[in-house]
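# Residue-level structure breakdown
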2 protein chains.
Amino acid sequence: MDDSKIFLPESEIPQAWYNINPDLPAPLQPPLNPATGEPLGPEDLAPIFPMALIEQEMSMEPWIDIPDDVMDVYKLWRPSPLHRAYRLEEHLDTPARIYYKNESVSPPGSHKPNTAVAQAYYNREEGVRRIVTETGAGQWGSALSFGCCVFGIEAEVYMVRISYDQKPYRRLLMQVWGADCYPSPSDRTEAGRSILAEDPDSPGSLGIAISEAVEKAAQDDEAKYALGSVLNHVLLHQTIVGLEALKQFEIADDYPDIVVGNVGGGSNFAGVCFPFVREKLAGRRDTQIIATEPTACPTLTRGIYHYDFGDTAELTPLLKMYTLGHKFIPAPIHAGGLRYHGDAPQLCLLVSQGVIEARALHQTDVFEAAVMWSRTEGHVPAPETAHGVRAAIDEALKCKETGEEKCILIGYSGHGHFDLAAYDNYLTGHLVDYELPQEKIDEAVADLPDVQ
Amino acid sequence: MDDSKIFLPESEIPQAWYNINPDLPAPLQPPLNPATGEPLGPEDLAPIFPMALIEQEMSMEPWIDIPDDVMDVYKLWRPSPLHRAYRLEEHLDTPARIYYKNESVSPPGSHKPNTAVAQAYYNREEGVRRIVTETGAGQWGSALSFGCCVFGIEAEVYMVRISYDQKPYRRLLMQVWGADCYPSPSDRTEAGRSILAEDPDSPGSLGIAISEAVEKAAQDDEAKYALGSVLNHVLLHQTIVGLEALKQFEIADDYPDIVVGNVGGGSNFAGVCFPFVREKLAGRRDTQIIATEPTACPTLTRGIYHYDFGDTAELTPLLKMYTLGHKFIPAPIHAGGLRYHGDAPQLCLLVSQGVIEARALHQTDVFEAAVMWSRTEGHVPAPETAHGVRAAIDEALKCKETGEEKCILIGYSGHGHFDLAAYDNYLTGHLVDYELPQEKIDEAVADLPDVQ
């Protein structure tokens, strides 16, 4: 039996991120100013992002060097291991080979710090003293807190109040890393105060939290804003995951026939798959790339490819993406990170072009897979991560039927240590599935902005 | 800069555990039957342990082969990485080199599965269908659940009721791995029922939970009992940690001048330090070995070296160890794993012989170190683990004064993902220190059994 974990030496960490922009099979339609309908220029973004990140957002350079200071921090947990899931294979009795790229080993426990650390670095380089952001259940907020902490700048996080109250663990993690975390709506912003005036007990929403964070960042000369997914520069930073995996497959003398992962905003999945998409687009390799999402929020499988706002409050630029409409409110599934109404434009373009396929999964099926995984491979995955696990199991079971010896790579985005209440729900039979009625979608996409 | 993580290939995992018994500088005094005062024979232990583990408990063989099936499971996370804590060194501005052996990467998040997996294996080999055990906050219970799960046998865990109710996360982890976890006292045993008859709202204690687990195991022909620390065979299984570290230091071309770690029952610390103690006892290397413990439960630093019961209820054999008396109830510090009144006999012997030194630490100092660690090295340590971190920082600061370039190894026993409430307590200024008055100790050791 070959080694079940393939480690890359630190000296072999890729020295540059991969920018997919120049390789895309069709031009990426630019973000638009919602007031004018005109493409955004760097100056539109300058109040809230540092210039280096704006340049990355629009860059057509295929490789962007990873700064030494970022690399030093990456080395706290990178390269992350590529594991072979021998015990799961045996349990399934499949001829498939299942690998997973394990991003759960980072300090915040997910892929998020790959970009949080980079964003904190570029902000510090431009003299920014404080980064303001929003967070739902706290995955992104904790990663950004960590990134700011290691570069000695302040993090100010607006956390959706209901999560702030009910899910204290990731908030505590932020505080361990020295961040200031406020429940949103707060009385610290105009946006927050106006909501509180109407409803002092508002549970908050990601839309409100975004409004608060953007407002604070725009008002404060020493502060900028940061986003944890969707944008090109975020996906860029995540490509370190797939680039490492490529090298690890070379060591293992193998190559994936299938790359699978979960899509919330798209940065985790883009991170693991874009380097393999590059090989596919260049005609060097043929790999099936499968994006998974919940049936309760089926953006890629049932959304419309159209310009839409990134947020409920209609504050952000318009992005061309698969969307369920920016007013769409998904059912309260346990994979909180997969409840976004849209997806990253780069990823959406590749889906629209047929390079990437998408699949929606029911959460009971996903948790069944998560428990099977925990009982064979040991490590307990995040509910988001378990979507990729489910699809990999399904593909491996197909191989069992056909006898095909396919090689499957899972983008294993994070651990489930802070999600055990969701497992409890599943194990005690309280988990329900949501199938979204078509009229709900029709309704939600009815007021998309009038831009193609 | 050299690599900050030293990985061992899986093929280099040590193939045998190290048994320190034959190398001890004085004979280890045997466990005694409390009724007769006579040394225990294998037959005394046979009702509750499988024979293979009883043999290991008493073995004088220096090396005991790790079975292939155990090795296959170890490979889910082993070899664990040896990290160089460059960022902490820089923060402290110390000439010391600080390494840590990271056992937090295991599925249950600590060193505990090193023995849980082995114990589950030997039980299965002898046809045992069910292992019964007790757990306090759930660290051991979750590890044993994982071990039983991978070998397809049942785990039945009696968890101290107050933890069962207040700290659901590790209980949920047990359930994810398929274990049955009951709050103790329960109505499933004589011991439990008699406590409940007196006090239906009893919060439970580790002593009561031990009684319940032992009773269940002794009554049930298909069940055995398992212990997560203190005993020789448990320490034996943990030596994989130090044996790997020895090989990793060879790769790093370095060697520790100091090995430091935390002691609860002693298995974590023995695991990391015994292979280095072996080198020291053989005169090949001179390493300072520092055991740390809380001032609230200063077993090694202020206890008496004497035979005592392992449990409050006086059910276990008598063990020769440093003890604060088996009726001692430590203050409710956050390092719940370090609240045991005694310590492993092998470790105690080495302390009594001056081979290992011991140090007691205040919990505020420990949490200060834990936060400094989290903000430099990223990973958030368990409160138990942070004891070793504190002592390493203290030693590194001494080096800063003297200019000595010492090499320090920390036994990093686990992560703090389930202990964030304790960090909250510290960060909000609610943590208090406990200095144990001497009369409390005098009182607690007054009724030690009359055996030298």
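Computed from a prediction, not measured in an experiment: that's the story for all the values here. (Residues numbered from 1 in each chain as written. Chains lettered and ligands numbered in written order. Predicted model: local features only at pLDDT ≥ 70, side-chain atom pairs only at ≥ 80, totals over all residues. Heavy atoms only, no water.)

This part takes up the overall build of chain A. A count of helices and strands for chain A gives 18 helices and 15 strands. Against the globule reference of 22 Å for 452 residues, chain A gives a C-alpha radius of gyration of 21 Å, in line with a compact fold. For the C-alpha atoms alone, the extent of chain A along its principal axes is close to 60 × 50 × 45 Å. Relative to its 452 residues, chain A shows a buried fraction of 65%. Relative to all contacts within chain A whose residues are 6 or more apart in sequence, the contacts with residues 24 or more apart total 76%. Accessible surface computed for chain A: about 15,600 Å², of which carbon and sulfur atoms make up 47%. Placing the 35 positive and 67 negative side-chain charges of chain A at their respective mean positions leaves the two points 4 Å apart. (Helix = DSSP H or I, 4+ residues; strand = E, 2+ residues; numbered from the N terminus. Rg over C-alpha atoms; globule rule 2.2 N^0.38 Å. Buried < 20%, exposed > 50% of the residue type's maximum accessible area, 1.4 Å probe, protein only. Contact = heavy atoms within 4.5 Å. Areas by Shrake-Rupley, 256 points an atom, 1.4 Å probe, with all protein chains shown as cover. Lys, Arg positive; Asp, Glu negative; His and termini not counted. Charge placed at Lys NZ, Arg CZ, Asp CG, Glu CD.)

Glancing now at the pattern of salt bridges. Under the criterion given, the structure shown has 50 salt bridges over all chains. The partner of Arg78 of chain B in a salt bridge is Glu244 of chain B, and the shortest N-O contact between them spans 2.8 Å. Residue Arg78 of chain B is found in the loop between helix H3 (68-74) and strand S4 (82-84), and its partner Glu244 of chain B is found in helix H11 (residues 232-252); the two are separated by 166 residues along the sequence. Across the pair Glu156 of chain B and Arg188 of chain B runs a salt bridge whose closest N-O atoms are separated by 3.3 Å. Remark: Arg188 of chain B occurs in the loop between strand S8 (180-184) and helix H9 (190-198) and Glu156 of chain B occurs in strand S7 (residues 154-160); sequence separation between them is 32 residues. Judged by relative accessible area, Glu156 of chain B falls into the buried class, the value being 7%. With a relative accessible area of 31%, Arg188 of chain B lands in the partly exposed category. Here the salt bridges do not stand alone but share partners, grouping Asp23, Arg278, Glu279 and Arg284 of chain A into one network. (Salt bridge = Lys/Arg side-chain N within 4 Å of Asp/Glu carboxyl O.)

Here we come to the interface of chain A and chain B. Chain A puts 46 residues into the contact, and the matching count from chain B is 46 residues. For the chain A and chain B pair, buried surface summed over both sides reaches about 4,000 Å², with 60% attributable to carbon and sulfur atoms. At the junction of chain A with chain B, the criterion picks out two salt bridges. Residues Lys5 of chain A and Glu10 of chain B are paired through a salt bridge, measuring 3.0 Å at the closest nitrogen-oxygen approach. (Buried area = accessible area lost by both parts, 1.4 Å probe.)

This paragraph deals with the nonpolar core. Of all hydrophobic cores here, the largest spans 226 residues; its most connected members are Ile356 of chain A together with Ile356 of chain B. Apart from the residues within four sequence positions on either side, Ile356 of chain A is in contact with Phe269, Cys273, Val277, Ile289, Ala291, Leu347, Leu350 and Val351 of chain A. (Core = buried A, V, L, I, M, F, W, Y, C linked by side-chain atoms within 4.5 Å.)

Next up on the list: the domain arrangement of chain A. All names here are of chain A. Parsing chain A into structural domains produces domain 1 (44-59 + 112-230) and domain 2 (67-109 + 233-436). Once you take the C-alpha centre of each, domain 1 and domain 2 turn out to be 24 Å apart. On the domain 2 side, the residues contacting the 31 residues of domain 1 number 33 residues. Summing both partners gives a buried area of about 2,700 Å² for domain 1 against domain 2, and 65% of it is carried by carbon and sulfur. Area buried by domain 1 at its contact with domain 2 is led by Asn114, Arg170 and Val230, which between them contribute 26% of it. The interface formed by domain 1 and domain 2 contains two salt bridges. Among the ionic pairs, Asp419 bridges to Arg170, the shortest N-O distance being 3.6 Å. Put simply, domain 1 and domain 2 have ten residue pairs in polar contact (both at pLDDT 80 or more) between them. Those elements giving two or more residues to the side of domain 1 that touches domain 2 turn out to be helix H2 (51-58), helix H5 (113-125), helix H6 (139-150), helix H8 (168-176) and helix H10 (206-219). When residues of the side of domain 1 that touches domain 2 are assigned to their parent elements, the largest contribution, nine residues, is made by H5. (Domains from an automatic or database assignment. Polar contact = N/O pair within 3.5 Å; in protein donor to acceptor, adjacent residues only side chain to side chain.)

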